[in-house]
Amino acid sequence: MGLTAILVGGVSGTGIHMLSNATRKVPISRAPWMHFTFFFVGMWAGQLYVNTEKKLLADVNELRADKGLPPMVGTDKYFKYSPPEGYGSG
């Protein structure tokens, strides 16, 4: 998930800069160092989102533990909200 978020964030950052240039009707390749900068800012934002989501999930599980509830289902899996293993198998 981290690599995907980094790549999507980087492509989104570059796309935002290209869209901004197109909106201002200047050449899309104007200031190419800004493509590079926006790519890395987008990568940082994508990774920040993943880290924030993991921290939020850990906080929610801690609150659930304080209330005597089990942790959220499938916390350590890629699909976080899948049914527990063995659910409905018998």
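Before reading on, note that the structure itself is shown above.
Residues numbered from 1 in each chain as written. Predicted model: local features only at pLDDT ≥ 70, side-chain atom pairs only at ≥ 80, totals over all residues. Heavy atoms only, no water.

## Looking at helix α2 (residues 32-66)
- Given a rise of 1.5 Å per residue, 35 residues ought to cover 51 Å, and the 51 Å separating the end C-alpha atoms of α2 matches this to within 8%.
- When α2 is considered as a whole, its buried residues turn out to be His 35, Gly 42, Gly 46, Val 50, Leu 57 and Asn 61.
- Residues of α2 that are buried make contact with α1 (2-23).
- Once α2 ends, the next one or two residues include Gly 68, with phi positive near 85 degrees. (Helix = DSSP H or I, 4+ residues; strand = E, 2+ residues; numbered from the N terminus. Expected span 1.5 Å × (residues − 1). Buried < 20%, exposed > 50% of the residue type's maximum accessible area, 1.4 Å probe, protein only. Contact = heavy atoms within 4.5 Å.)

## Things to note about the environment of Ile 6
- Residue placement: Ile 6 occurs in helix α1.
- By relative accessible area, which is 23% here, Ile 6 ends up partly exposed.
- Sequence spacing of Ile 6 and Gln 47 is 41 residues, and the spatial spacing of their C-alpha atoms is 5.7 Å.
- Leaving out residues up to four positions away in the same chain, Ile 6 has contacts with Met 43 and Gln 47.

## Brief notes about the pattern of salt bridges
- Counted by the stated rule, this structure contains 1 salt bridge.
- A salt bridge links Asp 59 to Lys 55; the shortest N-O distance between them is 3.3 Å. Here Asp 59 and its partner Lys 55 are both found in helix α2, 4 residues apart, which amounts to about one turn of the helix.
- Judged by its relative accessible area of 31%, Asp 59 is partly exposed. (Salt bridge = Lys/Arg side-chain N within 4 Å of Asp/Glu carboxyl O.)

## Let's talk about the environment of Arg 30
- Considering the arrangement of structural elements, one finds Arg 30 in the loop between α1 and α2.
- Residue Arg 30 is classed as partly exposed on the basis of its relative accessible area of 47%.
- Residues Arg 30 and Met 18, 12 residues apart in the sequence, show an inter-C-alpha distance of 8.9 Å.
- The contacts of Arg 30, once residues within four sequence positions are left out, are His 17, Asn 21 and His 35.

## A closer look at the packing of aromatic side chains
- Under the criterion given, the structure shown has 2 aromatic pairs.
- Judged by centre distance (4.7 Å) and plane angle (65 degrees), the ring pair of Phe 36 and Phe 40 falls under edge-to-face. Taken together, the residues span about one helical turn, with Phe 36 and Phe 40 both in helix α2 at a distance of 4 residues.
- A relative accessible area of 56% means that Phe 36 is categorised as exposed.
- Taking 5.7 Å as the distance between ring centres and 85 degrees as the angle between the ring planes, the aromatic pair formed by Phe 39 and Phe 40 counts as edge-to-face.
- What makes Phe 39 partly exposed here is its relative accessible area of 26%.
- Using a relative accessible area of 41% as the deciding quantity, one classes Phe 40 as partly exposed.
- Each member of the aromatic cluster is reached from another via a ring pair, and the members are Phe 36, Phe 39 and Phe 40. (Phe/Tyr/Trp six-rings, centres within 6.5 Å; stacked < 30°, edge-to-face > 60°.)

Distances and angles like these do not, on their own, reveal function.
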